[in-house]
Amino acid sequence: MELSEEDLALIQVLQASPRLGWADAAKVLGVHATTLAARWERLKSSGAAWVTAHLAGDPRQMLLAFVAVDCEMNRRESVTAQLAQVPDIITVEEAASNRDLMLTVVTKSLDDFSTQVVSRLKTIDGLTKYQTSLCTRLHTSADEWRLNILDRTQLATLRSLGVHATPGSRRPDPAGDLPASHLDLLPFLARDGRATAADIARELGRHPATVQRQLNRVLASGILSFRCEIAQRYSAFPVTCQWFVNVPAGRHETASADIKTISNVRLSASTTGPTNFTIIMWLQSLADVMNAELALQQKVPGIELVESMVMLRTVKRVGWMLNEDTTSSGAVVVHSGSVFAQ
């Protein structure tokens, strides 16, 4: 399967607004709404693209951690499979470095990280070592990454619909603790970020009007990040590279703003640990690693590039299990939501 320019344009529209209605999407792309709905169904069913909702990982609301794992080589496949089945471990990647695996973890608190994740790591045969960096500020996340396919007219139409055509400010502050009845919606939104209140109501056996009120509150809370994902092989950026760097104290906000101007950035965050900042980019080739490092040094005075790491394979991305070719397998390992209930 190959993606056309029309497919990529639709994906970018949904990157900007993952829950945008087909009628509004039609205004942007100049294609009938039913055609867009059918096109999206084809993309989704093939695993080329999907819309999901995942816990935002904003340190103001919850804990976000990056965990490097070492394991016995002959047990690497088993260790990877077991880690991928842990809901709190939202992303699992195989690394080409002195670290075997890189994990992204989201839990409610530091205590939950210790009891639900660290305790699990200690029980996995073949896992020999782990090292944790905690996120203290999430500056940029992958829901802000764009394909840059749309033309100026299409971007202007998106803005006229009240949609941020380009990444904007961070998500709103939480609207208070959510009860368990509201958090019940999270698994459905993880499996389909475009799920409607009527869809969820049928699954939960609740009245649609009740679920609509609950959904509105969940959407306003800021606990979830919605994103339209694309199989990396179709993105024109097949290489993932992560840097662990040091940024001078007091310059993290300025540095993050400058780093955001680099279009390939998927994540930037301040962290604890041996280094105090991490950056992830999608690149066109391995040769672009050096170009990216030059751009970082030019954009951020005083930055110290301590370590770079290219990912060999993404096994799981924000809950979704991926095939070897980076397409979605359709299997999703998600938080039940109950662990965030009050």
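All figures in this text were calculated on a predicted structure; none of them were measured in a lab.

## Some thoughts on the side chain of S221
Tracing the sequence through the fold places S221 in helix α10 (residues 208-221). At a separation of 2.7 Å, a polar atom in the side chain of S221 contacts the main-chain carbonyl oxygen of V218.

## Comments concerning the pairing of strand β1 (residues 49-55)
Across the seven residues of β1, seven count as buried, placing the element largely inside the fold. In terms of strand pairing, β1 meets strand β6 (residues 224-230) through seven bridges, oriented antiparallel. Across the sheet, the residue bridging to T52 is R227, located in β6.

## Comments concerning the packing of helix α9 (residues 197-204) against α10
Contact geometry of α9 with α10 gives a least axis separation of 8 Å together with a crossing angle of 115 degrees. The hand of the α9/α10 crossing is right-handed. Across from A197, I200 and A201 in α9, the residues of α10 making contact are P208, V211, Q212 and L215. Class assignment for the residues of the contact of α9 with α10 results in six nonpolar, one polar and no charged.

## Section: the environment of L296
Mapped onto the elements, L296 comes out in helix α12 (residues 287-299). Sequence separation of L296 and A255 is 41 residues, and the distance between their C-alpha atoms is 9.3 Å. The residues contacting L296, other than those within four sequence positions of it, are W243, I259, I262, I279, M281, I303 and L305.

Rules behind the numbers
- Residues numbered from 1 in each chain as written.
- Predicted model: local features only at pLDDT ≥ 70, side-chain atom pairs only at ≥ 80, totals over all residues.
- Heavy atoms only, no water.
- Helix = DSSP H or I, 4+ residues; strand = E, 2+ residues; numbered from the N terminus.
- Polar contact = N/O pair within 3.5 Å; in protein donor to acceptor, adjacent residues only side chain to side chain.
- Buried < 20%, exposed > 50% of the residue type's maximum accessible area, 1.4 Å probe, protein only.
- Pairing = 2+ DSSP bridges.
- Axes fitted to C-alpha atoms, helices over the stretch in contact; angles between N-to-C directions.
- Left-handed = near helix turned anticlockwise from the far one by under 90°.
- Contact = heavy atoms within 4.5 Å.
- Nonpolar A, V, L, I, M, F, W, Y, C, P; charged D, E, K, R; others polar.

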